[in-house]
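Fold and contact review
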Amino acid sequence: MTGRTSKKADAHAALADLRDGAVVAIGGSLFHNKPMRLVREVARRGARDLIVVAVTQASIDVDLLVAAGCVAEVRVPYLGLEHHGLALNFRRRAADGRVKVWDCDETQVIAGMEAAAKNLPSGWTKTGVGTDLPNSNPDLKPVADPITGEPMIAVPAIRPDMALLHATRGDQWGNLAYAGYPFSDVLIAEATRRGGGKVIASVDEVVPASTFTADPFLADIAHILVDAVVEAPWGAHPCSSHGNYQYDDAYLAHYQQSARDGEDAMRRWLAEHVHAPESHEAYLDRFLTPSRLAALRRDIYARQ
Amino acid sequence: MPANDMPWSWPELAAIVLSRELADGEVGSPGGSRSEIPLAAARLAQLTRAPNLAIITSAAGFVANMVDKPWSPLVSSTMDWRNVYAGTEAVLPSSGVFHTRRDWFFAGALQVDGHGNINLTRVRLKDGGEMRGPGAAGLAYSATMAQRYFIYMHEHSRRSFVQRLDYRTAIGFGDGPGSREALGLRGGGPALVISPRGVMDFDERTLRLRLRSVHPGQSVEALVANTGCELIVPSVVPSTPAPSEQELDVLRRQVDRGGVLRR
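This write-up is about the structure you can find in this document.

Criteria and cut-off values
Residues numbered from 1 in each chain as written. Chains lettered and ligands numbered in written order. Predicted model: local features only at pLDDT ≥ 70, side-chain atom pairs only at ≥ 80, totals over all residues. Heavy atoms only, no water. Helix = DSSP H or I, 4+ residues; strand = E, 2+ residues; numbered from the N terminus. 1 Å grid on protein atoms, 1.4 Å probe; cavity = no way out; pocket = protein on both sides within 12 Å on 5 of 7 lines; lining within 4 Å. Points joined across faces, edges and corners; volume = space filled by probe spheres on them. Nonpolar A, V, L, I, M, F, W, Y, C, P; charged D, E, K, R; others polar. Salt bridge = Lys/Arg side-chain N within 4 Å of Asp/Glu carboxyl O. Buried < 20%, exposed > 50% of the residue type's maximum accessible area, 1.4 Å probe, protein only. Phe/Tyr/Trp six-rings, centres within 6.5 Å; stacked < 30°, edge-to-face > 60°. Lys NZ or Arg CZ within 6 Å of the ring centre and 35° of its normal. Axes fitted to C-alpha atoms, helices over the stretch in contact; angles between N-to-C directions. Parallel < 35°, antiparallel > 145°, perpendicular 65-115°, else oblique. Left-handed = near helix turned anticlockwise from the far one by under 90°. Contact = heavy atoms within 4.5 Å. Pairing = 2+ DSSP bridges. Disulfide = S-S within 2.5 Å.

1. Brief notes about unusual backbone geometry
With an omega of 10°, the peptide bond between His 237 of chain A and Pro 238 of chain A qualifies as cis. Its location among the elements puts Pro 238 of chain A in the loop between β13 (228–231) and α9 (249–261). In the Ramachandran plot, Asp 68 of chain B falls in the positive-phi region, its phi being about 60° despite a non-glycine side chain. One non-glycine residue, Ala 137 of chain B, lies in positive phi territory at about 50°.

Spelled out as structure tokens, the structure:
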């Protein structure tokens, strides 16, 4: 009998298949469960012309990839930095046409992802009827429901070539557990795998497989949907690992200030935060101190 | 923003006025830009007149009620752990979050027009360029399906209240009476618009924006002068009922001790 194959991988190997022009889905939402360790690796690799999809909401994850010149098209229902303001790198590059925008609502992306997950050509939704969304985005087709004739919108199946997720814990076989909300990560994994794409997950901690067999309800995403597990402690930083540690608001404010200061300032920020650290460990040693880590662990309900 | 020398801030006034719109037993989602305002409105309603109100956190499925729960801080980031776990009793799976019933939700916007259609996508600038907004988020969906919704505008000017939107991201009453019916939309459309100057609703017959009240310290003339879309102005426009002592007390001592709404 041959042994089972471990899916543990380092970030570099896990992203080896990423080709320019790929459709990349990023999990989490807003400042939560963003696989930032993997996002930084994508930027370090100098990927180009990516089509970036977020099922619900994106923030620094997509804005950073845009700033790094990795992105040709953004398919994101909300892209902003919440209380820090608009996504300025995205705004700049969308304004001068360097980045194409696929206008959409959350439920339209969900319809497209669900179609992919079910191996159907399109997903139908009521969302967008009577709006400009199907005018500015020709992929959103106004259709009539064949049963009742009422107006609907058809969204083509969205089949990511690669999904990047961040979970709290995982094992070497690819089972993933989230301490907080999994957001739409399950759907992203289903849509990506069904369409033949690769699902790459960073986790704060790789735990023994017995953790999952001891409680089969622990896994939010089953290993059959996952291709690679990358151990990355604090790997969502500066975003939160929902329920495990908070987002780093001071770091996000500094990022936003650099974005505000313009493209030269952003280049310096990327050089310092993305390109200079030679490894994830080097990044952690450079930007996180024990007292900062302690602060990020405070205010977590589960610990109160 | 017009000057405000009242003993409450604009976000506090918005939270209090909006909380009065929420009825006991309803289910809804706070959201939009500066989502701490509608979140405070919903918690305030639960702690004053609507103890059976249920909050579902935005696009995540945290179902919360603050009645008899330990105090929890109000913070700016919608899905901050401290926000979503405050008073949460159950969590909906992500696959069910969107189709679970919503009696109401909240929307911010870059622009609103006289029929309550909103733009969150892009605005044309005078120099010919355009400014990108954050995008639809889930508002194109909610505007189609939820029972009613409230629009809160942080700026009340001729740039934000416009005759014609630069982009229609989410539909209100469309082009007027009959629009929503013709499209087969489920929900009832926008119920109310609040700005730092006043409160507006929609005329039942024409579905046009109508001035309901001006806030204490604001004038009808200034509000009208700063409105770029058609606005029905009744001959008598009352003042927005000022926050009561009880409302301010519960808001500041139980909902927003940290003063997020006063920043």
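2. Some words on empty space enclosed by the protein
Inspection of the entire model under this criterion finds 5 cavities of 30 Å³ or more. If you add up the space inside the largest cavity, you get close to 100 Å³. Contributing to the lining of the largest cavity are 15 residues, with Val 76, Val 101 and Asp 103 of chain A together with Arg 132 and Gly 135 of chain B lying nearest its centre. Of the residues belonging to the lining of the largest cavity, the class tally is 10 nonpolar, 3 polar and 2 charged.

3. Examining the pattern of salt bridges
Here the structure, examined in full by the defined rule, presents 39 salt bridges over all chains. Residue Arg 37 of chain A is joined to Glu 41 of chain A by a salt bridge in which the shortest nitrogen-to-oxygen separation is 3.2 Å. You can see Arg 37 of chain A and its partner Glu 41 of chain A sitting in helix α2 (residues 36–45), 4 residues apart, about one turn around the helix. With respect to burial, Arg 37 of chain A and Glu 41 of chain A carry one shared label: buried. One salt bridge connects Glu 12 of chain B with Arg 252 of chain B, and the closest N-O pair in it is separated by 2.8 Å. Note that Glu 12 of chain B is positioned in helix α1 (residues 10–19) and Arg 252 of chain B in helix α8 (residues 245–255), a separation of 240 residues in sequence.

4. A look at the packing of aromatic side chains
Tallied over the full model, the rule gives 15 aromatic pairs over all chains. Note on Phe 31 of chain A and Tyr 247 of chain A: the rings are 5.8 Å apart at their centroids and 35° apart in plane angle, and the pair reads as tilted. One end of the pair, Phe 31 of chain A, is in the loop between β1 (23–26) and α2; the other, Tyr 247 of chain A, is in the loop between β13 and α9, and 216 residues separate them in sequence. Residues Phe 31 of chain A and Tyr 247 of chain A agree in their burial class; the two are buried. Summarising the aromatic geometry, the rings of Tyr 251 of chain A and Trp 269 of chain A are spaced 5.9 Å apart at their centres and angled 80° between planes, so their arrangement reads as edge-to-face. Within this pair, whereas Tyr 251 of chain A is found in helix α9, its partner Trp 269 of chain A is found in helix α10 (residues 263–275), the two being separated by 18 residues in sequence. What makes Tyr 251 of chain A buried here is its relative accessible area of 6%. The buried category is assigned to Trp 269 of chain A, whose relative accessible area is 3%. Aromatic ring contacts, followed pair by pair, group Tyr 181 and Phe 183 of chain A together with Phe 62, Trp 81 and Tyr 85 of chain B into a single cluster. If you follow Arg 75 of chain A out to its NZ or CZ, it ends over the ring of Trp 102 of chain A, 4.5 Å from the centre. When the ring centre of Trp 71 of chain B is taken as reference, the NZ or CZ atom of Arg 257 of chain B above it lies at 4.1 Å.

5. A short note on the packing of helix α2 (residues 36–48) of chain B against α8 of chain B
A packed helix pair is summarised by two numbers, namely the angle formed by the two axes and the spacing between the axes. Residue and element names in this part refer to chain B. Relative orientation of the contacting elements α2 and α8 amounts to 110°, with a least axis distance of 10 Å. Relative to α8, the element α2 lies roughly perpendicular. Of the two possible hands of crossing, α2 and α8 adopt the one that is right-handed. Between α2 and α8, the residues in contact are Ala 40, Arg 43, Leu 44, Leu 47 and Thr 48 and Gln 246, Glu 247, Val 250, Leu 251, Gln 254 and Val 255, respectively. For the contact of α2 with α8, the per-class residue count stands at 6 nonpolar, 3 polar and 2 charged.

6. Re the sheet that holds strand β1 (residues 27–29) of chain B
All names here are of chain B. Sheet architecture is open: 9 strands sit in the order β4-β3-β2-β1-β5-β10-β11-β12-β13, paired in mixed fashion. Each edge of the sheet is formed by a strand with only one pairing partner; in this case those strands are β4 (88–91) and β13 (209–214). Averaged over all pairs of adjacent strands, the angle between their axes in this sheet comes to 25°, without regard to strand direction. Relative to β4, strand β3 (residues 62–64) is paired through 3 bridges, and the arrangement is antiparallel.

7. Section: the state of the cysteines
Residues and elements named next belong to chain A. Within the structure shown, the criterion is met by 0 disulfides over all chains. Left unpaired, Cys 239 is separated from the closest cysteine sulfur, that of Cys 70, by 16 Å. In this structure Cys 239 comes out as buried when scored by relative accessible area, which is 1%.

Functional significance is not addressed by these values, which are geometric in nature.
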